[in-house]
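Each chain, written out:
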Amino acid sequence: MKTVLIVEDSSTSRDITSHFLQQGGFRVLEAEDGADALNILKARHVDLILTDIMMPNMDGWGLYREVRADKRYNLTPFVFLSVLDELDDQIKGLTLGVDDYITKPVSPPQLIARVNTALMRSQRLTNYFYRNPVTDLATSRYFRERLIQEEARCKASGHDLSLVVFGIGNYVSLVRAHAEWFAESAARLTGQALKKQARSFDIVADMGQGRMATLLPNAPLERAKAWADNVASNWNVSLIWPETQQNEAVDIGYECATISGNGDAMEILDKHLASFDRKW
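This structure is a prediction, so every number in the text was calculated from the model and none was measured.

Cut-off values and rules
Residues numbered from 1 in each chain as written. Predicted model: local features only at pLDDT ≥ 70, side-chain atom pairs only at ≥ 80, totals over all residues. Heavy atoms only, no water. 1 Å grid on protein atoms, 1.4 Å probe; cavity = no way out; pocket = protein on both sides within 12 Å on 5 of 7 lines; lining within 4 Å. Points joined across faces, edges and corners; volume = space filled by probe spheres on them. Helix = DSSP H or I, 4+ residues; strand = E, 2+ residues; numbered from the N terminus. Nonpolar A, V, L, I, M, F, W, Y, C, P; charged D, E, K, R; others polar. Pairing = 2+ DSSP bridges. Axes fitted to C-alpha atoms, helices over the stretch in contact; angles between N-to-C directions. Contact = heavy atoms within 4.5 Å. Buried < 20%, exposed > 50% of the residue type's maximum accessible area, 1.4 Å probe, protein only. Arc of directions from axis to C-beta.

K.L.:
Can you walk me through the layout of surface pockets in this structure?
P.N.:
If you roll a probe as big as a water molecule over the atoms, it shows you where there is empty space left. When its volume is computed, the largest pocket comes out at roughly 1400 Å³. In terms of lining, the largest pocket is formed by 42 residues, of which the most central are Lys2, His45, Asp47, Tyr142 and Arg146. Elements with a minimum of two residues in the lining of the largest pocket: helix H2 (34-43), helix H5 (108-130), helix H6 (140-157) and strand S7 (203-208). Per-element tally for the lining of the largest pocket: the top contributor is H6, with 7 residues. Of the residues belonging to the lining of the largest pocket, the class tally is 16 nonpolar, 11 polar and 15 charged.

K.L.:
What am I meant to see in empty space enclosed by the protein here?
P.N.:
Scanning the model with the defined rule gives 1 cavity of 30 Å³ or more in all. By volume, the largest cavity is sized at about 40 Å³. The residue inventory of the lining of the largest cavity, partitioned by class, reads 4 nonpolar, 2 polar and 3 charged.

K.L.:
What am I meant to see in the sheet that holds strand S4 (residues 78-82) here?
P.N.:
Pairing between the strands of a sheet is mediated by backbone hydrogen bonds and can be parallel or antiparallel. Here 5 strands make up an open sheet; going across it, the order is S2-S1-S3-S4-S5 and the pairing parallel. Strand pairing shows two members of the sheet lacking a second neighbour, strand S2 (27-31) and strand S5 (100-103), which therefore form its edges. The sheet shows a mean angle of 20 degrees between the axes of neighbouring strands, direction not considered. Relative to S5, S4 runs parallel, the two being bridged by 4 bridges. Residue pairing in the sheet places Phe80 in a bridge with Tyr101 of S5. Along the sheet face, H2 touches strand S1 (3-7), S2 and strand S3 (48-51) and points at about 135 degrees away from the line of S2. Each of S1, S3 and S4 is contacted by helix H3 (residues 60-69), which is oriented at about 175 degrees to S4, the strand it contacts most.

K.L.:
Could you clarify how one ought to interpret the sheet that holds strand S6 (residues 161-168) in this entry?
P.N.:
Across the sheet, 4 strands lie side by side as S7-S8-S6-S11; this open sheet has antiparallel pairing. Two strands lie at the open edges of the sheet, namely S7 and strand S11 (252-258), each paired on one side alone. For this sheet, the mean angle separating the axes of adjacent strands, direction not counted, is 20 degrees. Where S7 and strand S8 (residues 211-217) come together, 5 bridges link them in antiparallel fashion.

K.L.:
Teacher, can you tell me more about helix H10 (residues 265-274) here?
P.N.:
Each turn of an α-helix holds 3.6 residues, which means side chains three or four residues apart point in the same direction. The set of residues buried in H10 consists of Ala265, Ile268, Leu269, His272 and Leu273. Projected down its long axis, H10 shows its buried positions confined to an angular sector of 130 degrees, all on one face. Of the exposed residues in H10, the ones pointing more than 90 degrees away from its buried face are Glu267 and Lys271. Where H10 is buried, its residues meet H6, S6, S7, S8 and S11.

The following block contains the structure:
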């Protein structure tokens, strides 16, 4: 379920738009102006921003400039939904680089279609920049950006955030005995297996050299350990070396940590990744 942030100073308009989007299958967050929206972005993950233009404190133009100044939101779709239907306003918005400009009134099917189109465009770009084509997992760069966002969100909301780092124990031997592409195939199978075991909103990333990092929002450390224990105890991943038809098991180990929200998330991640450093 994608999350849309509605920014609108009129509570009536906000409620109507929120109802339309919820009926369309979206999770909705609401802000009454640009300043309120920025505070929400600090604490919550948002897939798309849908904003009015004329608002007190900080209008839609100002919000757009603030959002785009933060590189973390480069690929977050930004859509104007406004009664300003003058061509000059639409051109101004599109020239700035907003993903769409919708004028009110708008029918529910049209609103849902435009929001879905902006999200699909963003997803294609995200897959291109933040997806490892070999393992089909999130990249290290994307994971680190989301780790910072989730740490801030969980600190603001008081929710738990856990990290589990998995490592393929025989990654080096797979490279030495067979080939690097063979070890990468093992990493791909490992990533696919982990994604099947993770929740839809957990983030699973390929950190390189047979190491996978998994971010578990709203999960205390005990639950994360229990999940990782279950994954490891039921682990049964292997692949066949084509020249000999020999079946090679893929061994994994893991380490768990809780993210406290004290700004040390990256340090914790690097520490646990280092424990799986490869001795070539």
